[in-house]
Amino acid sequence: MRYAAKALIALSIAASAVGCAGHPGHPGQPGHPSHAGQAARNSPGHATRPASTCSASEPHPHRYFGIIDGNPGGSAYTGFTNRTGARPTLVDYFFNFGTAWNSSMACFAARHSAMPLMQFDLRHLTAADIAGGGSDRYISHLADQVKAFGLPIVISIGHEMNGNWYPWGWQHTPAPTFIKMWRRIHDIFGRQHAINVIWLWTVNRAVRPAINPRPWWPGQAYVNWVGIDGHDRHATDTFRKVFGSTIADVRALTNDPILISETAVVAGPHRPAQIAELFRTVYQTPGLIGILYLNMWTVRIDWRINDTASIRAFTKAIQAYEPSSGASRDGPCMKVCISPIT
């Protein structure tokens, strides 16, 4: 059963009962095919702890948008958002699964009228150990902490597992072990009633050294959103060329909303036009709910946008993704973030 998606309905009712419009967020979109839990995808923006009170409401963004730079709130992140006027509605960050957690990064997102997206990096624990129950006590405590955070939060476990570059991925961990691990984490969160979680299954575009993600699909009851990572590495790349076949692979499994969970365009005179095409296509494509843009130097490629033409293109491209001009910058219901949860 999709405990997270269904239970968010109950949270929405509780929040409304105390007159609290809650944290911004609108997973899903009008016209998305309906199935179990779909109503909840349209209402987690109203989810919060019943004890909270708020004085403002944040309009729902039509599509989600965020920036990945490895350190949300840091000088590079702030400098880029200031330069482009960006107001992300998703804040993506990695969490070393197996280590102590606190809510400070999630609260940073909430204070900036965004929803946190926490990626579980599994380098500290093996998928086999987790699947076998060796981390159950840790997971239960983590679920309690996330529950106490109280606002909607997106969680992804072991991203890009259909590629061969991570220890939890293809050629390193058997797909059945990955599925067993995913389900175990999901089910423990369910038993702890951490109903504010939106589960994001994140794959890489299916081009070698990555393959069709089907073997790693944990099942319809265990996923709310699907994320796809892919990049424009060549001047001739388009959205359809990079993502089209993998979207088809995903649609053979589920009609869940799809987030372009990491993308970027390589530097060059072609980049402004490709940025525009990328954001425009995501916005206009039914079933796609948003985009996270990588703006950092990775191991092999500097994806950062520094040239004036690309800055202008990016600034224009994200305008359709912005909340309305009346949106609160303070973020309502911030009582849950007065003291970070540890």
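Residues numbered from 1 in each chain as written. Predicted model: local features only at pLDDT ≥ 70, side-chain atom pairs only at ≥ 80, totals over all residues. Heavy atoms only, no water.

1. As for the confidence of the model for the protein chain
In step 1: On average, residues of the protein chain score 82 in pLDDT, and 77% of them reach the 70 mark or higher.
In step 2: Per-element averaging of pLDDT across the protein chain places helix α1 (residues 3-17) at the bottom with 34 and helix α7 (residues 175-191) at the top with 98.
In step 3: Within the model, the stretch residues 1-60 combines pLDDT values under 50 with 148 contacts to residues more than four positions away or in other chains.
In step 4: Low pLDDT (under 50) marks residues 325-333, which in the prediction has 27 contacts with non-local residues, meaning those over four places away or in another chain. (pLDDT = per-residue confidence, 0-100. Helix = DSSP H or I, 4+ residues; strand = E, 2+ residues; numbered from the N terminus. Contact = heavy atoms within 4.5 Å.)

2. Some remarks on helix α8 (residues 239-251)
In step 1: A maximum bend of about 25° is found in α8 at Ser245.
In step 2: Those residues of α8 that fall on the buried side of the exposure criterion are Phe239, Val242, Phe243, Thr246, Ile247 and Val250.
In step 3: Check the buried side of α8 and you find it contacts β5 (197-204), β6 (225-229), β7 (258-263), α9 (271-284) and β8 (288-294). (Bend = angle between axes of the 7 residues up to and from the residue. Buried < 20%, exposed > 50% of the residue type's maximum accessible area, 1.4 Å probe, protein only.)

3. Observations concerning the pairing of strand β3 (residues 115-121)
In step 1: Taking burial as the measure, the seven residues of β3 include seven buried ones, the bulk of the element.
In step 2: The side-chain alternation of β3 yields two buried faces, one formed by Met115, Leu117, Gln119 and Asp121 and the other by Pro116, Met118 and Phe120.
In step 3: In terms of strand pairing, strand β2 (residues 90-96) meets β3 through seven bridges, oriented parallel. Bridging from a neighbouring strand, Phe95 pairs with Phe120 of β3. (Pairing = 2+ DSSP bridges.)

4. A look at the packing of helix α3 (residues 75-84) against helix α10 (residues 308-317)
In step 1: Close contact between α3 and α10 brings their axes to 9 Å; oriented N to C, the two are set at 75°. Relative to α10, the element α3 is oriented roughly perpendicular. Residue-level contacts link Phe80, Arg83 and Thr84 of α3 to Ile311, Phe314 and Thr315 of α10. (Axes fitted to C-alpha atoms, helices over the stretch in contact; angles between N-to-C directions. Parallel < 35°, antiparallel > 145°, perpendicular 65-115°, else oblique.)

5. Re the sheet that holds β2
In step 1: Spatial strand order, β1-β8-β7-β6-β5-β4-β3-β2: eight strands in an open sheet with parallel pairing. For this open sheet the edge positions go to β1 (64-68) and β2, each flanked by a neighbour on one side alone. Across the sheet, the axes of successive neighbouring strands diverge by a mean angle of 25°, strand direction being ignored.
In step 2: Pairing of β1 with β8, which is carried by five bridges, proceeds in the parallel orientation. Note that in β8 the partner of Tyr64 across the bridge is Gly290.
In step 3: Its contacts with the sheet put helix α4 (residues 104-111) on β2, β3 and β4 (153-157), and the angle it makes with β2 is roughly 180°.

6. Things to note about the nonpolar core
In step 1: One finds Phe120, Ile185, Phe189, Trp201, Phe279 and Phe314 to be the most contacted residues of the largest nonpolar core, which totals 95 residues.
In step 2: No other element matches the seven residues that α7 contributes to this core.
In step 3: Sequence-distant contacts of Phe279, defined by excluding residues within four places in its chain, comprise Phe65, Ile291, Tyr293, Phe314, Ala317, Ile318 and Tyr321. (Core = buried A, V, L, I, M, F, W, Y, C linked by side-chain atoms within 4.5 Å.)

7. Some details on the environment of Asn196
In step 1: Here Asn196 is to be found in the loop between α7 and β5.
In step 2: Separated by 45 residues in sequence, Asn196 and Leu151 place their C-alpha atoms 6.1 Å apart.
In step 3: From its side chain, Asn196 meets the backbone oxygen of Leu151 in a polar contact 2.9 Å long. (Polar contact = N/O pair within 3.5 Å; in protein donor to acceptor, adjacent residues only side chain to side chain.)

8. Description of unusual backbone geometry
In step 1: Following Arg208, the chain continues into Pro209 via a peptide bond in cis, with omega recorded as 10°.
In step 2: Not every positive phi belongs to a glycine, and Gln171 is a case in point at roughly 70°.
In step 3: Along the chain, the position of Gln171 falls in the loop between β4 and α7.
In step 4: Exposure remark for Gln171: the relative accessible area of 55% places this residue in the exposed category.
In step 5: In this structure, His193 takes a positive phi of about 60° despite not being glycine.

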